[in-house]
Amino acid sequence: MSDFSDQLALQGLNLQAVISLDTLPDPVRDTLADAVNELAAYRQLLLLGHGGTRLWNAVNATGITSADPIDDYTAAVIRTWFRQSHPGVRHHILYPGTRLVPLQTLGELCGWHFPSPIMVGVNDEWGSWYAYRAAVLADTAFATTPPPDWKSACEPCEDKPCVKACPAAAVSPQGLDMHACIEFRRQPASPCQKRCLARLACPVGRAHQYSREQIEYHYGRSLDTINKFS
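Read on for a plain summary of the structure. (Residues numbered from 1 in each chain as written. Predicted model: local features only at pLDDT ≥ 70, side-chain atom pairs only at ≥ 80, totals over all residues. Heavy atoms only, no water.)

## Considerations on the sheet that holds strand 2 (residues 44-51)
Then, number 1: Pairing in this open sheet of 4 strands is antiparallel, and the strands run 1-2-4-3 from one edge to the other. The outermost strands of the open sheet, each flanked by one partner alone, are strand 1 (15-20) and strand 3 (91-95). Ignoring strand direction, the axes of neighbouring strands in this sheet form an average angle of 25°.
Then, number 2: Here strand 1 runs beside strand 2; their pairing, made up of 6 bridges, is antiparallel. Bridge pairing in strand 2 places Gln16 opposite Leu48.
Then, number 3: Against the sheet, helix 4 (residues 69-85) engages strand 2, strand 3 and strand 4 (130-138), with an angle of about 40° to strand 4. (Pairing = 2+ DSSP bridges. Helix = DSSP H or I, 4+ residues; strand = E, 2+ residues; numbered from the N terminus. Axes fitted to C-alpha atoms, helices over the stretch in contact; angles between N-to-C directions. Contact = heavy atoms within 4.5 Å.)

## Some words on the nonpolar core
Most often, soluble globular proteins keep nonpolar side chains buried together rather than apart.
Then, number 1: Within the largest apolar cluster, 27 residues are counted, with the highest numbers of intra-cluster contacts made by Leu32, Leu45, Leu47 and Leu137.
Then, number 2: Listed by contribution, the elements that provide at least two residues to this core are strand 1, helix 2 (26-35), strand 2, strand 3, helix 5 (103-109) and strand 4.
Then, number 3: Broken down by element, the residue count for this core peaks at 4 residues, all from strand 4.
Then, number 4: Dropping the residues within four chain positions of it, Leu47 is found in contact with Leu15, Gln16, Ala17, Leu103, Leu106, Gly107, Cys110, Trp112, Tyr132 and Ala134.
Then, number 5: Counting residues in hydrophobic clusters, the runner-up holds 21 residues, among them Leu8, Trp56, Ile70 and Ile93. (Core = buried A, V, L, I, M, F, W, Y, C linked by side-chain atoms within 4.5 Å. Buried < 20%, exposed > 50% of the residue type's maximum accessible area, 1.4 Å probe, protein only.)

Right under this line is the structure:
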């Protein structure tokens, strides 16, 4: 499936996995069945993500100015890829979309996602500088993807720089105090409004760290959401 790996990776979707639907745990299959009609019409689920800055650069190069430029770009890339490389193949983009999709659970099944104290998945290659961008049901017969040889980078970490760097004392080895985090971020002139100092302190995957503009974009959007619904 070189076209799958190469064409989409060049456009920023450089994390890819193919999962056979019949190997998914029943709770995950039930969630997918609730999100789409006729789940039996599809054989595989394609999980796509990005690591590093390539997707961000690709989106900016297009000049997209919609409300959700990354989601809109991702969906457009996937539709074009199916139309050009696999015409007529039945597929359904679950995410981006409006239905609940267990992305982190799927990432755990693929060996991508390992829990961390900052409530962002961290693995020993990309650190926390990756994200889930698409989940697609498809009537395809690609070779399934074996999990990569990634492991938790947090379990063996004794220094825990993320804990020490959090000015809100919201991060601990046991996890994130979301209330404390949110309240600190909402304070006037908070240093965490458009970045996470705990996340930046983690040394894992630092070579793939997002650009300042990319970090500020994502954290700015999350703060807008917090202020809207809090």
